[in-house]
Amino acid sequence: MSGTDRNGTKHCQEVLDRAFEYLDGEMPDLDCEQLRAHLEECASCLAQLAEDEKLKQVIRDGCPCEEAPQTLRARIVVSLTQISATAR
């Protein structure tokens, strides 16, 4: 994460932009630590993160759990591998 304030914490917009990455457990550890430090100091961001978490729960509760077909899963893995290889 970039864009720290003078206290070394994240700016609100970046925290909110990456909220779902954090909630989904897809954020690197160092970024998580920095985000948590910001949340300790920013009640507004903490409240918004709680709302985002509630939204994720409502969506989870309202959507039936269906597994993607194996062919789709395989195509996604191939695509991600190709994207990863070309990004290097």
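Residues numbered from 1 in each chain as written. Predicted model: local features only at pLDDT ≥ 70, side-chain atom pairs only at ≥ 80, totals over all residues. Heavy atoms only, no water.

**Observations regarding the pattern of salt bridges**
Condition: Any carboxyl oxygen of Asp or Glu that lies within 4 Å of a side-chain nitrogen of Lys or Arg is treated as forming a salt bridge with it. By the criteria applied, helices consist of DSSP H or I runs no shorter than four residues and strands consist of E runs no shorter than two, each listed in order from the N terminus. Three labels apply to residues, based on accessible area from a 1.4 Å probe with only protein chains included: buried if under 20% of the type maximum, exposed if over 50%, partly exposed otherwise in between.
Under the defined criterion, the tally for this structure stands at five salt bridges. Across the pair Arg18 and Asp31 runs a salt bridge, and its minimum N-O distance is 3.1 Å. In this pair, Arg18 is assigned in the loop between helix H1 (12-17) and helix H2 (19-23) and Asp31 in helix H3 (residues 29-41), connecting sequence segments 13 residues apart. Of the two residues examined, Arg18 and Asp31, each falls in the buried class. In this structure, the salt-bridge partner of Glu51 is Lys54, at a minimum N-O distance of 3.5 Å. Remark: Lys54 and Glu51 occur in helix H4 (residues 43-62); sequence separation between them is three residues, near one turn of the helix. Classification of Glu51 as partly exposed rests on a relative accessible area of 43%. Because the salt bridges share partners, they merge into one network encompassing Glu14, Arg18, Glu21 and Asp31.

**As for the environment of Cys12**
What counts, and what does not: Here a residue-residue contact requires only that any non-hydrogen atoms of the pair lie within 4.5 Å.
Mapped onto the elements, Cys12 comes out in helix H1. Residue Cys12 is classed as partly exposed on the basis of its relative accessible area, which comes to 34%. For Cys12, the contacting residues outside a window of four places in its chain are His38, Cys42 and Cys45.

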